[in-house]
Amino acid sequence: MIQIAVIGYGTVGSGVVEVIGKNTQEINKKAAEEVYVKYILDLRDFPGDPYEDRVVHDIDILLNDPEIKIICETMGGIRPAYDFTKQALSRGISVCTSNKELVASHGPELLRIAREHNCNYLFEASVGGGIPIIRPLNYSLTAEKIDSIVGILNGTTNFILSKMETDGADFGTVLKEAQEKGYAERNPEADVEGYDACRKIAILSSLMTGKNVRFEDIYTEGITGITAADFKYAAAMGMTIKLLAIGTMVPDADPVSKEGEKLYACVAPFMIDQNHPLYFVHDVFNAVYVHGNMLGDSMYYGRGAGKLPTASAVVADVVDCARHIGKTIMCFWDSENMEVAPMDDRVGRFFVRVAAAEAGQVKSLFGSVTEVEAMEDSEFAFICGPLSEAEFATKVEAFTQPVKRIRLA
Ligand code: HSE
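From a predicted model like this one, the values you see are computed outputs, not experimental measurements.

Conventions and cut-offs
- Residues numbered from 1 in each chain as written.
- Predicted model: local features only at pLDDT ≥ 70, side-chain atom pairs only at ≥ 80, totals over all residues.
- Heavy atoms only, no water.
- Salt bridge = Lys/Arg side-chain N within 4 Å of Asp/Glu carboxyl O.
- Helix = DSSP H or I, 4+ residues; strand = E, 2+ residues; numbered from the N terminus.
- Buried < 20%, exposed > 50% of the residue type's maximum accessible area, 1.4 Å probe, protein only.
- Phe/Tyr/Trp six-rings, centres within 6.5 Å; stacked < 30°, edge-to-face > 60°.
- Core = buried A, V, L, I, M, F, W, Y, C linked by side-chain atoms within 4.5 Å.
- Contact = heavy atoms within 4.5 Å.
- Polar contact = N/O pair within 3.5 Å; in protein donor to acceptor, adjacent residues only side chain to side chain.
- Domains from an automatic or database assignment.
- Buried area = accessible area lost by both parts, 1.4 Å probe.
- Pairing = 2+ DSSP bridges.
- Axes fitted to C-alpha atoms, helices over the stretch in contact; angles between N-to-C directions.
- Parallel < 35°, antiparallel > 145°, perpendicular 65-115°, else oblique.
- Left-handed = near helix turned anticlockwise from the far one by under 90°.
- Nonpolar A, V, L, I, M, F, W, Y, C, P; charged D, E, K, R; others polar.
- Near = heavy atom within 4 Å.
- Areas by Shrake-Rupley, 256 points an atom, 1.4 Å probe, with all protein chains shown as cover.
- 1 Å grid on protein atoms, 1.4 Å probe; cavity = no way out; pocket = protein on both sides within 12 Å on 5 of 7 lines; lining within 4 Å.
- Sits in = over half its atoms within 2 Å of the grid points.
- Points joined across faces, edges and corners; volume = space filled by probe spheres on them.

**Focus on the pattern of salt bridges**
Summed over the entire model, instances satisfying the criterion amount to 28 salt bridges. With a closest N to O distance of 3.4 Å, Glu18 and Lys307 form a salt bridge. In this pair, Glu18 is assigned in helix α1 (residues 11–22) and Lys307 in helix α12 (residues 307–323), connecting sequence segments 289 residues apart. Given the relative accessible area of 26%, Glu18 is considered partly exposed. For Lys307, a relative accessible area of 31% corresponds to the partly exposed category. The shortest N-O distance in the salt bridge between Arg353 and Asp230 comes to 2.6 Å. Pair noted here: Arg353 is in strand β13 (residues 347–355) and Asp230 is in helix α11 (residues 228–236), with a separation of 123 residues, a long-range link. Neither Arg353 nor Asp230 differs from the other in exposure class; each is buried. Counted as one network, the salt bridges with shared partners bring together Glu221, Arg346, Glu389, Arg405 and Arg407.

**As for the packing of aromatic side chains**
Enumeration according to the criterion identifies 10 aromatic pairs in this entry. Centre to centre, the rings of Tyr279 and Phe280 are 4.8 Å apart; their planes meet at 75°, and the pair counts as edge-to-face. Residue classification places Tyr279 among the buried positions, given a relative accessible area of 11%. Both rings, one in Phe366 and one in Phe382, keep their centres 5.4 Å apart while their planes meet at 55°; by these two values the pair is tilted. Of the two residues, Phe366 sits in helix α13 (residues 362–366) while Phe382 sits in strand β15 (residues 379–388), which places them 16 residues apart along the sequence. Take Phe366: its relative accessible area is 13%, and that puts it in the buried class. Of the residues examined, Phe382 reaches a relative accessible area of 0% and is grouped as buried. Among the aromatic residues, ring-to-ring pairing joins Phe350, Phe366, Phe380, Phe382 and Phe392 into one connected group.

**Observations concerning the nonpolar core**
Ranked by internal contacts, the top residues of the largest apolar core, which has 86 residues, are Leu62, Ile71, Tyr121, Phe123, Ile160 and Leu204. The element best represented in this core is helix α10 (residues 195–209), accounting for eight residues. What Leu204 contacts, discounting residues up to four positions off in sequence, is Val127, Ile133, Ile134, Leu137, Ile149, Leu153 and Val288. Listed in part, the 30 residues of the second largest apolar core include Val17, Ile27, Val55 and Ile70.

**Description of the side chain of Asp230**
Residue class for Asp230 comes out buried when judged on its relative accessible area of 0%. A polar contact of 2.3 Å, which involves the side chain of Asp230, links it to the side chain of Lys404. Look past the residues within four positions of Asp230 in its chain and what remains in contact with it is Gly225, Ile241, Met271, Arg353, Lys404 and Ile406.

**What to know about the domain arrangement of the protein**
Considered domain by domain, the protein is made up of domain 1 (2–129 + 308–323), domain 2 (138–302) and domain 3 (343–408). The partner domain 3 presents 18 residues to the 19 residues of domain 2 that form the contact. Roughly 1600 Å² of surface becomes buried between domain 2 and domain 3 when both sides are summed, with 67% attributable to carbon and sulfur atoms. Of all residues in domain 2, Tyr233, Tyr264 and Met271 bury the most surface against domain 3, accounting for 37% of the area lost on that side. Summed over the shared surface of domain 2 and domain 3, the number is four salt bridges.

**Focus on the sheet that holds strand β5 (residues 94–97)**
Taken together, six strands build an open sheet; the order of strands is β3-β2-β1-β4-β5-β6 and the sheet is parallel. Single-partner strands in this sheet number two, and they are β3 (55–56) and β6 (121–122). Summarising the sheet, β5 and β6 pair through two bridges and their orientation is parallel. Directly across from Cys96, in β6, lies its bridge partner Leu122. In this fold helix α4 (residues 81–90) packs onto β1 (2–7), β2 (35–41), β4 (68–73), β5 and β6, with an angle of close to 145° to the strand it touches most, β5.

**Regarding the packing of helix α5 (residues 100–116) against α10**
At a minimum axis distance of 9 Å, the contact between α5 and α10 shows a crossing angle of 45°. With respect to α10, the axis of α5 lies oblique. Judged by the sense of rotation from one axis to the other, the crossing of α5 with α10 is left-handed. Along the contact surface, α5 presents Lys100, Glu101, Val103 and Ala104, while α10 presents Asp196, Arg199, Lys200 and Ile203. Considering only residue class, the contact of α5 with α10 consists of three nonpolar, no polar and five charged.

**Considerations on the site of the ligand**
Taken together, the neighbourhood of the ligand is formed by Lys100, Asn154, Gly155, Thr156, Asp191, Asp196, Lys200, Gly304 and Ala305. Here Asn154 contributes a side-chain N or O atom positioned 3.5 Å from an oxygen atom of the ligand. At 2.8 Å from an oxygen atom of the ligand is found a main-chain nitrogen or oxygen belonging to Gly155. Considered on its own, the ligand offers 260 Å² of accessible surface; in the complex 79% of this is hidden by protein. With respect to the pocket detection grid, the ligand is positioned in the largest pocket.

**Some points on empty space enclosed by the protein**
Under the counting rule described, the total for this entry stands at one cavity of 30 Å³ or more. Taken as a whole, the largest cavity spans an internal volume of roughly 150 Å³. In terms of lining, the largest cavity is formed by 16 residues, of which the most central are Tyr121, Leu122, Phe123, Ile134 and Asn138. Going through the elements one at a time, β6, α6 (134–140) and α12 are the ones with two or more residues in the lining of the largest cavity. Looking at which element gives the most residues to the lining of the largest cavity, the answer is α6, with four residues. Residues that form the lining of the largest cavity fall into these classes: nine nonpolar, three polar and four charged.

Structure follows, in structure tokens:
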């Protein structure tokens, strides 16, 4: 028997217990041992819960129990999850987590502690919920030089954008509906401002490069400025708008010394057309599109959030830990920071809306542009580029009235 503890009995934590309870036979067979939930740590009591007798309030009870070999950390947030995780790993107890904030902030350090104590820190559930993406990057694609990862990594914002597109509704209206349905948090900032997707692409980019991609270095823009009119323009051009999380290698590094190796990384709304592999990813679904130099394109798609999909990924990590007791599974994520190229250097095309009264200076500023039929009388809309973000920012300073731009992928 392998005894485990769950810390944080919220949505994902209770999902972990439920998955183990429902899929007992499959899990035990694959772990080659019976997986038994001995403790559930939470501040609260759960009277009437079938597992109420296993609820404890003191982390030391599980840390000091030599029978506990694996902890599922489903608390979220940095503290006290960081301290609990460090204490567990330092005692040789493996930790499986869904906590992308902690993984993105302290991943290399926690992986090192796990290595030093012959145990594991696994985090499949931290990105893409139930979609297997960490394991493919860590195991399956090890023969590849991966040069690009592009994902829809946040279910809440993908739901909101999909609904804005189909209903022709504004951001505020759809956000309210998403909150009522429980898809969006009461405080939706982390999702709608792109912070959640930023942590996730930091984790994926770190696994892609083998170095530490700091989430603080990633340019991040959310979806709060996207309007129903933007979707009308997108539809007229056969496009849609998606919040993309991007990590792409800058191609000019020395192939041998890797001198000059840099990464472009950003989270922002992009207009994409039907040829883009992420165009048909709707609602709360997530997808990750990976390009490797031998394999070419591969794509991972599924439920990126939710109790049981996320819990399923945590339990898959438990099974992996159970199969590797006393042995660390390699994960290539150094503590050395990866250089992230300035967003100003990124070159791309832009969809732009300016006041009709200022249309006269578009040609002199941008040269030849593709005009887009205006959806509002007072506007002039066009596509320009390729040009760098810095060049674009300088040119639009010439306009006196507000300018709206959405990048094209
Ligand atoms: N708030 C996240 C999302 C949950 O909407 O994708 C999963 O990390």
